[in-house]
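Overview (structure and organization)
For reference, the chains in residue letters:
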Amino acid sequence: MHHRPAPARHDAVALQAGMLGSVLGVGLFKALALSGVVSGSLMGMGLWLLACLLLGAWALAAGLACLALSRRVFVLMLALSAVFVLCIA
């Protein structure tokens with residue numbers, strides 16, 4: 001008799017990290033899309049770029065944490081992120 005393996009204990013944490021990475025990635029996409037609207041001083045643009053870099057680093061860290069915990073959850077979140085980006089583009 002075959003039993004389905006129980007889901008990994010880390011799947012819930014991986015799902016949370018993946019969702020965080022997805023939301024931050026979509027936020028970064030929107031922030032970069034809006035960056036063309038931002039005009040002003042060099043310092044203002046520098047702060048905007050710094051904020052985008054921090055958001056991207058946070059999204060990457062969350063995505064890597066998700067990948068380290070569960071590959072199947074990572075692939076699912078990557079697919080969902082792609083769909084979200086396509087829908088809001």
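Quick look at the structure, then. (Residues numbered from 1 in each chain as written. Predicted model: local features only at pLDDT ≥ 70, side-chain atom pairs only at ≥ 80, totals over all residues. Heavy atoms only, no water.)

**Details of the layout of surface pockets**
There is about 190 Å³ of room inside the largest pocket. Taken together, 13 residues form the lining of the largest pocket, with Gly21, Gly63, Phe74, Leu78 and Ser81 sitting closest to its centre. Breaking the lining of the largest pocket down by element, the ones donating at least two residues are α1 (11-34), α2 (42-69) and α3 (71-88). Ranked by the residues each element gives to the lining of the largest pocket, the list is headed by α1, at five residues. (1 Å grid on protein atoms, 1.4 Å probe; cavity = no way out; pocket = protein on both sides within 12 Å on 5 of 7 lines; lining within 4 Å. Points joined across faces, edges and corners; volume = space filled by probe spheres on them. Helix = DSSP H or I, 4+ residues; strand = E, 2+ residues; numbered from the N terminus.)

**Overview of the nonpolar core**
Core analysis: the biggest nonpolar cluster contains five residues, these being Ala14, Ala17, Cys66, Val73 and Met77. When contributions to this core are tallied by element, the ones reaching two or more residues are α1 and α3. In this structure, Cys66 is in contact with Ala14, Ala17, Gly18, Val73 and Phe74, ignoring residues within four places of it in sequence. (Core = buried A, V, L, I, M, F, W, Y, C linked by side-chain atoms within 4.5 Å. Buried < 20%, exposed > 50% of the residue type's maximum accessible area, 1.4 Å probe, protein only. Contact = heavy atoms within 4.5 Å.)

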